[in-house]
Each structure stands twice: as structure tokens, then as C-alpha cells.
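# Architecture and fold: a report
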Amino acid sequence: MKNDITVVTPTIPPRGSFLQRAVQSVSQQTLSAAALAIAVDVHRTGAAATRQRALDTVRTPWVAFLDDDDYFMPQHLEHCLAHALETESDFVYSWFEVVGGRDPFPPTHFSRDFDPADPIETTVTTLVRAELAQAVGFRALNRGEMNSGEDRFFTLGCLAAGAKISHLKERTWYWTHHPGNTSGLPTRW
């Protein structure tokens with residue numbers, strides 16, 4: 001179907017209970033996902049490479065990204081897709097409620113529209129046309145103990161590829177902040 005969505009989730013072995021919660025949130029969507037692609041990082045290649053392996057399997061027109069330690073509110077897929085279709089966007093990001101901490105982004109990240117001339121950093125929890133996501137992809141970065149930056153590089157890559165990016169100013173998912181957040185780095189679990 002032309003609006004089917006695959007949810008892509010990279011995971012690591014120590015996060016089985018988180019993954020279970022993420023998968024359950026996908027199964028409780030008001031708009032059902034057509035597929036769920038989970039890739040397990042057993043060789044410590046990092047979130048970017050693991051996410052790419054799952055993305056490579058996607059055969060639906062849309063892909064929604066969900067980290068294993070985060071989870072969707074029931075309306076996430078429905079509202080993101082409706083916004084994408086209404087605004088004719090290729091890439092939609094919503095915002096989150098924080099579990100176990102506070103929002104690390106400035107308040108303007110939630111309140112302002114996306115400006116291609118001054119792109120803000122979004123999270124990787126987005127809804128993107130699968131063809132675009134696969135063309136841009138996720139590449140492993142060697143940045144030591146710093147955040148891997150895959151979210152930012154993916155957004156900028158989509159923008160460079162001509163994507164129309166739109167911000168759904170609604171909180172539709174939960175971002176889990178926890179001590180020892182691995183930031184997707186292969187050296188941090």
C-alpha cells in the first residue's frame with residue numbers, strides 16, 4: 001500500500017526489557033505498522049550501522065525510526081503520516097515527553113517550524129519516505145566517546161537530498177533518559 005510504514009529499531013543485547021516496551025508501543029498504534037524491522041548489534045558496530053542494517057530491509061513507502069529504549073504514544077504513526085500527507089513532506093519529526101530526566105533541547109526546538117536555512121537538530125525518531133532514508137542512510141562515525149551524531153547527519157543528508165522536512169508540533173513519543181545513555185556508540189555498552 002502507498003502509505004504503509006515499517007518501524008526500524010536497532011537494539012543491543014542488554015536492552016531486552018526496553019525493546020519489549022518499544023515493540024509493544026508499535027503494536028498499540030492507532031495506525032498499524034505494516035512491518036517492524038529490528039536489528040541486533042551483537043558485534044558492537046554501533047547504532048548507526050545497526051539502524052542501517054534494519055533500514056536496508058524496508059520495502060514499504062515510509063519508515064519510522066524508534067530507538068529500543070524509547071516508545072511511541074498510540075497516535076504517533078497516525079499523526080505523523082497525516083501531517084506528512086497534509087504538508088506533502090518527505091520527513092516529519094514530532095517531539096517527545098521525557099521519561100527519567102528533562103528535555104535537553106532548547107524550548108524553541110519544540111515551538112518553531114523547521115527552517116531549511118537554519119536547520120535545528122532533531123532526534124532520529126522521525127517518519128521519512130523510505131526511498132529517501134535509504135538513499136541518505138546512516139554511516140558509522142568514529143567520534144570517540146562523543147555522541148555519534150547520526151541524528152544530525154541524517155537530517156542534514158535528507159535536507160541536502162532535497163527533502164521537505166516538517167515539524168509536527170505535538171508530543172507523540174517518549175524519550176527515555178537514563179544514566180549511562182550509550183548515545184549509540186559501540187564503545188558504550
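The structure contained in this document is the topic of the report that follows. (Residues numbered from 1 in each chain as written. Predicted model: local features only at pLDDT ≥ 70, side-chain atom pairs only at ≥ 80, totals over all residues. Heavy atoms only, no water.)

## As for the overall build of the chain
Where we set the bar: Secondary structure counts use DSSP, requiring at least four H or I residues in a row for a helix and at least two E residues in a row for a strand, with both numbered from the N terminus. Burial classes: relative accessible area under 20% of the type maximum marks a residue as buried, over 50% as exposed, and values in between as partly exposed (1.4 Å probe, protein chains only). The criterion used for residue contact is that any of the two residues' heavy atoms lie within 4.5 Å. Here the accessible surface of atoms and residues is derived via Shrake-Rupley with a 1.4 Å probe, and residues count as covered only by protein chains that are part of the display.
The helix and strand inventory of the chain stands at 6 helices and 7 strands. Counting from the amino terminus, helix and strand elements in the chain follow one another as β-α-β-α-β-β-α-β-α-β-α-α-β. Across the 189 residues of the chain, 49% fall into the buried class. For the chain, restricting intrachain contacts to residue pairs at least 6 apart in sequence, the fraction spanning at least 24 positions comes to 81%. For the chain, the exposed surface amounts to about 8900 Å²; the carbon and sulfur share of it is 53%.

## Overview of the nonpolar core
Definition in use: Think of a nonpolar core as a cluster: buried Ala, Val, Leu, Ile, Met, Phe, Trp, Tyr and Cys residues, connected wherever their side-chain atoms sit within 4.5 Å.
If you look at the biggest cluster of nonpolar residues, it comprises 44 residues, and the most contacted ones within it are Val63, Phe65, Phe72, Leu127, Val128 and Phe154. When residues of this core are assigned to their parent elements, the largest contribution, 5 residues, is made by strand S5 (residues 91-99). In this structure, Val63 is in contact with Ile5, Thr6, Val8, Leu55, Val58, Thr126, Leu127, Val128, Ala130 and Ala133, ignoring residues within four places of it in sequence.

## Focus on the environment of Tyr71
Tracing the backbone through its elements, the reader meets Tyr71 in strand S4 (residues 71-72). Along the backbone, Tyr71 and Trp173 are 102 residues apart, and their C-alpha atoms lie at a distance of 5.8 Å. Every residue in contact with Tyr71, bar those within four places of it in the chain, is listed here: Arg21, Ala22, Ser25, Leu66, Val99, Trp173, Tyr174 and Thr176.

## Overview of the sheet that holds strand S1 (residues 5-11)
Put simply, the rule reads: For two strands to be treated as a pair, DSSP must find no fewer than two bridges joining them.
Taken in spatial order, the 7 strands line up as S2-S1-S3-S6-S5-S7-S4 in an open sheet, and their pairing is mixed. In this open sheet, the two edge strands, each paired with only one partner strand, are strand S2 (35-40) and S4. Examined bridge by bridge, S5 and strand S7 (residues 165-176) share 8 bridges and lie parallel to one another. Bridge pairing in S7 links Val92 to Ser166.

## Remarks on the pattern of salt bridges
Side chains that differ in charge, positive against negative, can pair when their charged atoms come close. Put simply, the rule reads: Between Lys or Arg on one side and Asp or Glu on the other, a salt bridge is scored when a side-chain nitrogen of the former is within 4 Å of a carboxyl oxygen of the latter.
Counted according to the given criterion, the structure contains 8 salt bridges. The salt bridge partner of Glu97 is Arg171, with a shortest N-O separation of 3.7 Å. Placement of Glu97 in strand S5 and of Arg171 in strand S7 is noted, with a sequence separation of 74 residues between them. With relative accessibility at 35%, the residue Glu97 sits in the partly exposed group. For Arg171, a relative accessible area of 29% gives the class partly exposed. Notably, a salt bridge pairs Asp113 with Lys169, separated by 2.7 Å at the nearest N-O pair. With Asp113 in the loop between helix H4 (108-111) and strand S6 (126-129) and Lys169 in strand S7, this pair connects stretches of sequence that are 56 residues apart. Each of Arg15, Asp68 and Asp69 takes part in salt bridges that share partners, so that together they form one network.

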